[in-house]
Amino acid sequence: GLEGLKLEGERRKVTIMETDIRGFTSLSEKKQPEEIVTLINIYLDKQTEVIKNHGGDIDKFVGDAVLAIFIGKDMADNAVDCAIDIQNEIIKLNKKLDGDTMIGIGINTGPVVRGPVGSKDRMDYTVIGDNVNLACRLCDAANPGEIIISEKTQKYLSQNRFNLIKQDSLQLKGMEKPVINYRVE
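Cut-off values and rules
Residues numbered from 1 in each chain as written. Predicted model: local features only at pLDDT ≥ 70, side-chain atom pairs only at ≥ 80, totals over all residues. Heavy atoms only, no water. Helix = DSSP H or I, 4+ residues; strand = E, 2+ residues; numbered from the N terminus. Rg over C-alpha atoms; globule rule 2.2 N^0.38 Å. Buried < 20%, exposed > 50% of the residue type's maximum accessible area, 1.4 Å probe, protein only. Contact = heavy atoms within 4.5 Å. Areas by Shrake-Rupley, 256 points an atom, 1.4 Å probe, with all protein chains shown as cover. Lys, Arg positive; Asp, Glu negative; His and termini not counted. Charge placed at Lys NZ, Arg CZ, Asp CG, Glu CD. Salt bridge = Lys/Arg side-chain N within 4 Å of Asp/Glu carboxyl O. Pairing = 2+ DSSP bridges.

Chemist: Teacher, can you tell me more about the overall build of the chain here?
Modeler: What the chain contains, in helices and strands, is five helices and eight strands. Scanning the chain from its N terminus toward the C terminus, one meets helices and strands in the order β-α-α-β-β-α-β-β-α-β-α-β-β. By the compact-globule yardstick of 16 Å for 185 residues, the chain fits well, its C-alpha radius of gyration being 17 Å. With respect to the principal axes defined by its C-alpha atoms, the chain has extents near 45 × 45 × 30 Å. Counting over 185 residues, the chain shows a buried share of 44%. Restricting to contacts in the chain with at least 6 residues of sequence separation, those with at least 24 account for 68%. Here the chain has roughly 10300 Å² of accessible surface; of this, 48% comes from carbon and sulfur atoms. Of the charged side chains in the chain, 25 are positive and 29 negative, and the gap between their average positions amounts to 4 Å.

What follows is the structure in structure tokens.
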């Protein structure tokens, strides 16, 4: 029941990571729908395992995209470590499956509202807000195999732990100012 859930949601600061599978279209043309579902699930399963290992929480799956959140004082470090691990695991998986699947990853940090969203028949407990949207837009902007993080995430990272390359600012849909961002090497 919904009785226990605060219907207005609760606000908290998190690091949001969105990953999404690229190169699946070319793969899909040569396969039956059942095979495609099986393959997508193998890639999603691997990512879920890595996210859990880094203390992240899967917020939801949207098609072949994963939205995960990290909380606590090391949330930004954990998210970036996780993203690097995911990229390495995908490379291993591709070797095993003779696949060419690549993943784009976007990471942002800031306050979100977590709460039940949906209708009285079907509720998803999920995160919403501009900070979630920004993570998704950064994910869209990432090339296959790339990890793009926002300036806010960069500010939360431990000094000199990661090799970051400042990118050109992105003019993203729905954002007034160009977004400063970094690529994780």
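Chemist: What's the story with the pattern of salt bridges in this structure? I'm lost.
Modeler: Side-chain pairing between opposite charges can occur once the charged atoms of the two side chains come close. Taken as a whole and assessed by the stated rule, the structure comprises twelve salt bridges. Between Lys 46 and Glu 89 there is a salt bridge whose closest N-O contact spans 3.7 Å. Of this pair, Lys 46 sits in helix 2 (residues 33-53) while Glu 89 sits in helix 3 (residues 75-97), placing them 43 residues apart in sequence. For the pair Lys 46 and Glu 89, a shared accessibility class is recorded, and that class is buried. Residue Arg 183 is joined to Glu 146 by a salt bridge in which the shortest nitrogen-to-oxygen separation is 3.8 Å. A residue pair is termed long-range when its members are at least 10 positions apart, and Arg 183 in strand 8 (residues 181-184) and Glu 146 in the loop between helix 4 (130-141) and strand 6 (147-150) qualify at 37 residues. By relative accessible area, Arg 183 is classed as partly exposed at 22%. What makes Glu 146 buried here is its relative accessible area of 13%.

Chemist: Is there a simple way to think about the pairing of strand 1 (residues 10-22) in this case?
Modeler: Residues in a regular strand point their side chains to alternate faces of the sheet. Both strand 1 and strand 4 (residues 102-118) contribute to a ladder of 13 bridges, which runs antiparallel. In the strand pairing of strand 4, Val 14 is matched with Gly 110.

Chemist: Hey, could you run me through the pairing of strand 3 (residues 65-70) in this one?
Modeler: Of all six residues that make up strand 3, six are buried, and the element is covered over most of its length. Neither face of strand 3 is open: one carries Ala 65, Leu 67 and Ile 69, the other Val 66, Ala 68 and Phe 70, and all of them are buried. As defined by bridge partners, strand 2 (residues 57-62) adjoins strand 3 across five bridges and the pair is classed as antiparallel. Pairing of Phe 61 across the sheet is with Val 66, part of strand 3. Linking strand 2 to strand 3, which pair antiparallel, is a turn of two residues; within it Gly 63 sits at a positive phi near 60°.

Chemist: Would you take a moment to explain the environment of Ile 128 for this structure?
Modeler: One can find Ile 128 in strand 5 (residues 123-128). Not counting chain neighbours up to four residues away, the residues in contact with Ile 128 comprise Val 112, Val 113 and Val 117.

Chemist: Looking at this model, I keep getting lost on the environment of Asn 133. Mind explaining?
Modeler: The residue Asn 133 is located in helix 4 in this model. Here the alpha-carbon distance between Asn 133 and Glu 35, two residues 98 residues apart in the chain, equals 31 Å.

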